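# A closer look at the structure
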Amino acid sequence: MVPRAAGESWRHRGATPLSALDLARLLADGARSLSAAWGRPVLLTEPQVLRTQSRCHVVRARVRGGDVTSVVLKHFHQDLVLGLDEWAGLELLGRHNLTIAPGLIAGSVDSRLLVLQDLGLGPTLEDLLQGDDPEAAIGGLLAVARLTGQLHARTWGLHGDFDMLRHALSPRPGRVRIENARYLLEHVDRLRRWTDAVDAELEPGTQEDLEHVARELAEPGPFLALTHGDMAPGNTLFTASGPRLLDFEYCGMRHALYDALMWLLVVPLPEELIARADVTYRITLAPSCEAARIDATWLRARALLATARTVNMFQWLSPRALERDREWAPGFSERAALLRHLARARALREDVDPIPALSRTLDALEERLAERWAGTGSFTWPAFR
């Protein structure tokens, strides 16, 4: 599986139509799952399609004869591995009474279906950032940082529990953190395509530094926790009961700061707000994670994770961006995203740099690209304009 780093769903995703027949089948499968879970017949009606994507459909439905009035059905018609990862993650949260995400009510491996708690209507963090109230946007981001810290603090040490839940659903070919580390190392040639294209050097020692970063991803030690895996601004819903994280498809036990990259690196935010979110998250995590209380360890972890994500960007994107810029996210181009990743990762390595050769390679790339792409526009959310 290609690793998915924090905030990637901010990008556009392809939609797959949901036919009337598919919708009827989905309602029937959901009713059977709920009937089995509750021990009595249930009928689902009044479907409302919330989202159709290349990998899954999400539908709200009215419940007749059940314990709740409505549910959300999530059907993974493409990648069942993602569906079962989400199932295991939500089940783990439920078993430990963590009200961080929609509750998992029922599911069917055969039907590729999850039946989830309906959280109702409310703005997402993206809605707040796209709005005209800067205080609401700031408060929303800090609430997300706090919620993320709670997720990691409360799931630290539960990797064995997660693995057992996931294996019980269906044996998984590998752990996500190992897949993330392997991807980084198996596609060094894609980084070299970029350095060759701009006449930059792949510094001696870069391969060894990449191996060092990969080890950190594969074995995060004291930072190992359940991560959401796709911390896009649209994946946090503000409900009457507080903020909730949505879409745990890319969840897994990996380095906790993988999720923190959303505000540290990926999503364009004011520098002061990034610092506030980082402090909020760290304060929330620290009581359960001794490593988060040690400045040198914290700074090193941030630098390594940000650098890994930046290398991933060059592995995902083709040097065709040198010839033609494209949209990476609404209002944010590929060139702007690459330059931002390079600059932010460099800033996070200023206080501690355990990977000097890789840093020199990325610095050379940044210098060449900044020269070529002078005048590339930056992005500012409407709430901060």
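Going by the structure above, here's the rest.
Attention in this report is confined to the structure presented alongside it. (Residues numbered from 1 in each chain as written. Predicted model: local features only at pLDDT ≥ 70, side-chain atom pairs only at ≥ 80, totals over all residues. Heavy atoms only, no water.)

### What about the overall build of the chain?
For clarity, the cut-off: Under the scheme used here, helices are H or I runs from DSSP no shorter than 4 residues and strands are E runs no shorter than 2 residues, and both carry numbers assigned from the N terminus. Two things to know: the radius of gyration comes from C-alpha atoms, and the globule rule equals 2.2 Å times the number of residues to the power 0.38. Buried means the residue's accessible area, taken with a 1.4 Å probe over protein chains only, is under 20% of the maximum for its type, while exposed means over 50%, and partly exposed covers the values in between. The contact definition used throughout considers only heavy atoms, calling two residues in contact when any of these lie within 4.5 Å. To be clear on the numbers: accessible area is Shrake-Rupley with a 1.4 Å probe, and residue cover counts the displayed protein chains and nothing else. In this tally, Asp and Glu contribute negative charge and Lys and Arg positive charge; neither His nor the terminal groups of the chain are included. All charge positions are set by atom: Lys at NZ, Arg at CZ, Asp at CG, Glu at CD.
Within the chain one finds 13 helices and 11 strands. Here the chain has a C-alpha radius of gyration of 21 Å; the compact-globule value for 385 residues is 21 Å, and the two agree. With the C-alpha coordinates of the chain rotated into their principal frame, the extents come out at 65 × 40 × 40 Å. Sorting the 385 residues of the chain into buried and exposed places 56% on the buried side. Taking the intrachain contacts of the chain between residues at least 6 apart in sequence as the baseline, contacts between residues at least 24 apart amount to 73%. Total accessible area on the chain stands at roughly 15,900 Å², and carbon and sulfur atoms take up 50% of it. Of the charged side chains in the chain, 45 are positive and 50 negative, and the gap between their average positions amounts to 4 Å.

### Some points on the sheet that holds strand E3 (residues 70-75)
Our working rule: Any two strands are treated as partners once DSSP identifies two or more bridges connecting them. Lines fitted to C-alpha atoms define the axes here, with helix axes fitted over just the stretch in contact, and angles between the N-to-C directions of these axes take values from 0 to 180 degrees.
With antiparallel pairing, the five strands of this open sheet are ordered in space as E1-E2-E3-E5-E4. Of all the strands in the sheet, the pair left with one neighbour each is strand E1 (43-52) and strand E4 (104-108). Recorded for the sheet is a direction-independent mean angle of 25 degrees between the axes of neighbouring strands. Inspection of the sheet shows E3 paired to strand E5 (residues 113-117) by five bridges, in the antiparallel sense. For Lys 74, the partnering residue across the bridge sits in E5 and is Leu 114. Of the strands in this sheet, E1, strand E2 (57-64), E3, E4 and E5 touch helix H1 (residues 20-38), which is tilted by about 115 degrees from E4.

### With respect to unusual backbone geometry
For Asn 97, which is not glycine, the phi torsion reads 55 degrees and is therefore positive. Look at Asn 97 and you get exposed, because its relative accessible area is 64%. In the Ramachandran plot, Asp 199 falls in the positive-phi region, its phi being about 60 degrees despite a non-glycine side chain. By the secondary structure assignment, Asp 199 is in the loop between helix H7 (188-197) and helix H8 (206-218).

### Examining helix H11 (residues 295-316)
An α-helix turns once per 3.6 residues; consequently, residues spaced three or four apart project the same way. Keep this limit in mind: For a helix, the expected span equals 1.5 Å multiplied by the residue count minus one.
Here H11 is 22 residues long and its end C-alpha atoms lie 32 Å apart, about the 32 Å a rise of 1.5 Å per residue gives. Counted residue by residue, H11 has 17 buried out of 22 residues, so it is predominantly covered.

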